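# Fold and geometry: a report
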Amino acid sequence: MATSDQMPQGNLAEMRSKWGWFVALGVLVLALGIIAAGNLLAATVVSVFFVGSLMIVAGVIEIIHAFGVKSWGSFFWWLLGGVLYVVAGWLAFVNPVLTSAILTLLLAASLVASGLMRIWMGIKGKSALASWGWIVAAGVVTVLAGLVIAAGWPVNSLIILGIFLAVDLMFQGITYIAFGLGLRKGA
């Protein structure tokens, strides 16, 4: 399906006229990814601070919500959940190294669980899906990635989140650049 099939022509024409902005954004995001790759420890700390900030905001919202649902009989549980979120977010700022270790371990466990689920879905869909082998292969790679991260834990906790951030920023930057150049060509 072509890009023109997915969007109304007015929006596509407007986006084509701004192709340079997409390329510029891509170059900026790619540069940030390269900077993050140059200092993985700092990128990990930035990731931890970002997660901590989100937890604090979510906790404050839950605390406010607890006072709004007092009559539901679950005020204490909402309040407790919000306070725990705020405390966890605060700990991310107080001890980003410990937080990065915890988040890295959770990432490893999530990758293993996700990979096992993909393997199971691929095998279960073997009779219905021609591409079941690819699903199983993706699951195996995901499980292996999780096991490699877990095997290096806690030492690798200082760089794993930074690697994920750097790689994501670089791929996102390349995607924006390619998208902008594709718009310019009118493809």
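The following refers to the structure shown.

We now examine the packing of aromatic side chains. For the coordinates displayed, the defined rule picks out four aromatic pairs. Arranged with centres 5.0 Å apart and planes meeting at 75°, the rings of F22 and F179 form a pair that is edge-to-face. Pair noted here: F22 is in helix α3 (residues 19-38) and F179 is in helix α8 (residues 160-185), with a separation of 157 residues, a long-range link. Of the residues examined, F22 reaches a relative accessible area of 21% and is grouped as partly exposed. Relative to W77, the ring of F76 has its centre 5.2 Å away and its plane inclined at 75°; by these criteria the two rings are edge-to-face. Here F76 and W77 have matching classes, each one exposed. Positioned over the ring face of W19 is R184, at 5.1 Å from the centre of the ring.

A few words now on α3. Compared with the 28 Å implied by 1.5 Å per residue over 20 residues, the 29 Å span of α3 between its first and last C-alpha is a close match. Where the residues of α3 are buried, they touch α4 (40-68) and α8.

In this approach the atoms are scanned with a rolling probe the size of a water molecule, which exposes any empty space left behind. Taken as a whole, the largest pocket encloses approximately 170 Å³ of empty space. Elements supplying a minimum of two residues to the lining of the largest pocket: α5 (75-94) and α6 (96-124). Top contributing element to the lining of the largest pocket by residue count: α6, with five residues. Residues of the lining of the largest pocket, tallied by class, amount to eight nonpolar, two polar and no charged.

Quick notes on the rules
- Residues numbered from 1 in each chain as written.
- Predicted model: local features only at pLDDT ≥ 70, side-chain atom pairs only at ≥ 80, totals over all residues.
- Heavy atoms only, no water.
- Phe/Tyr/Trp six-rings, centres within 6.5 Å; stacked < 30°, edge-to-face > 60°.
- Helix = DSSP H or I, 4+ residues; strand = E, 2+ residues; numbered from the N terminus.
- Buried < 20%, exposed > 50% of the residue type's maximum accessible area, 1.4 Å probe, protein only.
- Lys NZ or Arg CZ within 6 Å of the ring centre and 35° of its normal.
- Expected span 1.5 Å × (residues − 1).
- Contact = heavy atoms within 4.5 Å.
- 1 Å grid on protein atoms, 1.4 Å probe; cavity = no way out; pocket = protein on both sides within 12 Å on 5 of 7 lines; lining within 4 Å.
- Points joined across faces, edges and corners; volume = space filled by probe spheres on them.
- Nonpolar A, V, L, I, M, F, W, Y, C, P; charged D, E, K, R; others polar.

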